[in-house]
Amino acid sequence: MKTALASLLVILSYTLHAQNLNSRHKINIGLGVGMDYGGLGGRVTYLPIERLGLFACAGYNLNGVGYNAGAQFLFPKNRHAFYLTAMYGYNAVLVMTGDSNDGGIYYGVTAGVGYLFKIGSRGNFWNFELLVPFRNSNFYDDYDALNSMGTNMSAALPVGFSVGYHFSVR
């Protein structure tokens, strides 16, 4: 625990040291598909400093409203950036039709890596992510129960993907 806290402090101090104190705060709005867009939806990202993005999203996940909130730690290079991300919110959904129980939305922590590529001079960009959801036991219990009842279901993917287009607001 002390090592994790010390590592976090080192990363934050490096991030803050690398910032230009006169830089403006940046906000972007993205439309896309994936867990970090709530399914099929939108995301708002606020960058209080150049390398740290805080985001919230909401969208339709085939069974209702999906939402997530999280953070990104960016490694920017000119027109592109790689980043690490972590979020909490919906990370699995079971959809059934013709049943009194229409499935469920499951919540938990998701981590991943991403890549963004800036388009033009306005700060707009494409965003791509590979996400690893840490699903709770309720999801696996329900999934196994449905499979044992003979429900025709595809296997739950151990990773998720997302893609979106973001517009720079300021």
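Thresholds applied
- Residues numbered from 1 in each chain as written.
- Predicted model: local features only at pLDDT ≥ 70, side-chain atom pairs only at ≥ 80, totals over all residues.
- Heavy atoms only, no water.
- Core = buried A, V, L, I, M, F, W, Y, C linked by side-chain atoms within 4.5 Å.
- Buried < 20%, exposed > 50% of the residue type's maximum accessible area, 1.4 Å probe, protein only.
- Helix = DSSP H or I, 4+ residues; strand = E, 2+ residues; numbered from the N terminus.
- Contact = heavy atoms within 4.5 Å.
- Patch = residues over 30% accessible without salt bridge, like charges linked within 9 Å, V, L, I, M, F, W, Y side chains within 5 Å.
- Areas by Shrake-Rupley, 256 points an atom, 1.4 Å probe, with all protein chains shown as cover.
- Salt bridge = Lys/Arg side-chain N within 4 Å of Asp/Glu carboxyl O.
- pLDDT = per-residue confidence, 0-100.

Quick notes on the nonpolar core
Here comes step 1: Among the nonpolar cores identified, the biggest contains seven residues, and these are A92, L94, M96, Y106, F139, Y143 and L146.
Here comes step 2: Looking at this core, the elements that each hand over two or more residues are β5 (80-95) and α2 (137-148).
Here comes step 3: Sorting elements by how many residues they give to this core places α2 first, with three residues.
Here comes step 4: Ignoring any residue separated from it by four or fewer positions in sequence, one finds Y106 in contact with G89, Y90, N91, A92, V93, L94, N136, N138, F139 and D142.
Here comes step 5: Counting six residues, the second-largest nonpolar core is a separate cluster that includes L47, A81, Y83 and L116.

Some remarks on a nonpolar patch on the surface
Here comes step 1: On the surface, a nonpolar cluster with roughly 590 Å² of combined accessible area is contributed by V33, L40, F117, I119, W126, F128 and V163.
Here comes step 2: Looking at the nonpolar patch, the elements that each hand over two or more residues are β6 (103-119) and β7 (124-134).
Here comes step 3: Following the sequence through the fold, W126 ends up in strand β7.
Here comes step 4: A residue is classified by how much of its surface remains accessible, and W126, at 39% relative accessible area, is partly exposed.

A few points about the confidence of the model for the protein
Fine structural detail should not be taken from predicted coordinates in areas where pLDDT scores are low.
Here comes step 1: Averaged over all residues, the pLDDT of the protein equals 83, while 81% of them reach at least 70.
Here comes step 2: Helix α1 (residues 2-17) is the least confidently modelled element of the protein, averaging 44 in pLDDT, while strand β3 (residues 52-60) averages 97, the highest of any element.
Here comes step 3: Below a pLDDT of 50 lies the segment residues 4-23, which in the model reaches 11 contacts outside its immediate sequence neighbourhood of four places, other chains included.

Things to note about unusual backbone geometry
Here comes step 1: For L62, which is not glycine, the phi dihedral falls at a positive 80°.
Here comes step 2: Along the polypeptide, L62 turns up in the loop between β3 and β4 (65-77).
Here comes step 3: Residues other than glycine seldom take positive phi values, yet N78 does so here, at roughly 45°.
Here comes step 4: Mapped onto the elements of the fold, N78 is located in the loop between β4 and β5.

Things to note about the side chain of Q72
Here comes step 1: When you line up the elements, Q72 lands in strand β4.
Here comes step 2: Contact partners of Q72, with chain neighbours within four places excluded, come to R43, T45, R51, L52, G53, F55, Y83, L84, T85 and E129.

Observations concerning the pattern of salt bridges
Here comes step 1: Taken as a whole, this structure holds two salt bridges when the rule is applied.
Here comes step 2: R43 serves as the salt-bridge partner of D36, at 2.6 Å between the closest nitrogen and oxygen. Of the two residues, D36 and R43, neither departs from the other in class, the shared state being buried.
Here comes step 3: Among the ionic pairs, R43 bridges to E129, the shortest N-O distance being 3.8 Å. With a gap of 86 residues between them, R43 in strand β2 (residues 39-49) and E129 in strand β7 connect regions that are remote in the sequence.

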